[in-house]
Amino acid sequence: MKLLKKILIIVPIAVLAIFLILLVTPILFKGKILEIAKKELNNMLTAKVDFSDVKLSFIRNFPNAYVALEDLTVTGTGEFEGETLVAFKSLSVTVNIMSVIKMNNIRVKSVLLDKAEVSAHILENGKANWDIVKPGEKAGIPSDGVTQAGTSPEKIESGKDKPASALKIALKKFEIRNANISFSDDSNKIIAAANDLNFFLRGDMTADNADLGMKLDIAAVNFWMGGIRL
């Protein structure tokens, strides 16, 4: 009976302690998470990345983790200085916590892009504003020219000694809400725009055979060529 009493006392306390840790951790480390996220994104890209806030919760969708970047903007540099490539009111991801810890089959429950503004632009010289990933990041090659496994860039590009990755990412739901997307090609004098776009995709995207549910709504689509609306 004494053992049972101890268990009845210890278990609730342990559960409460875990709950408090999950609740308090995002608050205590929020500033550091914000700093690291901005630094890493800007190290990976030639564009400037900024956002007003990072929301992290282990309680909201337990046992899933909820992560959101608020007021995210990606602006160009160089020839595209000050030009906005992407802007989101919110970009949120809900992912299974244990799958992230194991890092072999990450189960993403949902991805939501809310109030997105996307502007794709090609200059007359053929340069595109979305080509913002640094060369080393594209090939998975650090700036020192050597991969983490010690493999040279030449071997990676030729397909030799390329390490096989066991990491898999399963996505269940992807949604875009109230997005405005535009495209302009200076050399061909083309401008296109889609306003108030809503897109919804649900299903198991890792299966060989899967049933996917998809819905797309667009309030207006406009297209100009050579200054003439078509």
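Data block above holds the structure.
Here the residue numbers are simple positions, counted from 1 along each chain's written sequence. Confidence filtering applies because this is a predicted model: local features only for residues at pLDDT of at least 70, side-chain atom pairs given and counted only at 80 or more, and all residues used for totals across whole chains, interfaces and linings. Values shown for side chains rest on all heavy atoms present in the structure; no hydrogens or waters enter the calculation.

Asker: Lay out the overall build of the chain in plain terms, naming residues and giving numbers.
Answerer: Across its full length, the chain holds 5 helices and 10 strands. For the chain, with 230 residues in total, the buried portion stands at 30%. Taking contacts inside the chain between residues at least 6 apart in sequence as the whole, the part at least 24 apart equals 52%. Just so you have it, the chain exposes about 15,300 Å², and 61% of that area is on carbon and sulfur atoms. Secondary structure is summarised from DSSP: a helix means a run of H or I of at least four residues, a strand means a run of E of at least two, and numbering begins at the N terminus for each. Residue burial is assigned from relative accessible area. The probe radius is 1.4 Å, only protein chains are included, and a residue is buried under 20% of its type maximum, exposed over 50%, and partly exposed in between. Contacts were defined at the residue level, with two residues in contact if any of their heavy atoms lie within 4.5 Å. What sets the accessible areas is the Shrake-Rupley method with a 1.4 Å probe; for residues, cover comes only from the shown protein chains.

Asker: I'd like to hear about the side chain of Asn129, residue by residue, with values.
Answerer: Tracing the backbone shows Asn129 in the loop between strand S5 (105-122) and helix H4 (135-138). A polar contact is formed between the side chain of Asn129 and the backbone nitrogen of His121, at a distance of 2.9 Å. Once residues within four sequence positions are removed from consideration, Asn129 is found in contact with Phe80, Glu83, Leu85, Ser119, Ala120 and His121. What qualifies as a polar contact is a pair of N or O atoms within 3.5 Å, subject to a donor-acceptor requirement within protein and to the restriction that residues adjacent in sequence count only when both atoms come from side chains.

Asker: Hey, could you go over the pairing of strand S7 (residues 173-185) for me, with residue numbers and the actual values?
Answerer: For two strands to pair, DSSP has to find at least two bridges joining them. Two elements, S5 and S7, share 10 bridges in a ladder whose sense is parallel. Looking across to S7, one finds that Leu113 is bridged to Ile176. By the bridge criterion, 10 bridges tie S7 to strand S8 (residues 190-202) in an arrangement that is antiparallel. Counted as the bridge partner of Ile176 is Phe199 from S8. In this antiparallel pair of consecutive strands, S7 and S8, the connection spans 4 residues, and Lys189 shows a positive phi of 55 degrees.

Asker: Summarise a nonpolar patch on the surface; cite the residues concerned and give the values.
Answerer: Exposure above 30% relative accessible area and no salt bridge define the residues that can form patches, which grow by joining like charges within 9 Å and nonpolar side chains of Val, Leu, Ile, Met, Phe, Trp and Tyr within 5 Å. Just to be clear on terms, a salt bridge is a Lys or Arg side-chain nitrogen sitting within 4 Å of an Asp or Glu carboxyl oxygen. A cluster of nonpolar residues, Phe223, Met225, Ile228 and Leu230, forms a patch on the protein surface that exposes about 400 Å² of accessible area. Tracing the backbone shows Ile228 in strand S10 (residues 228-229). Judged by relative accessible area, Ile228 falls into the exposed class, the value being 54%.

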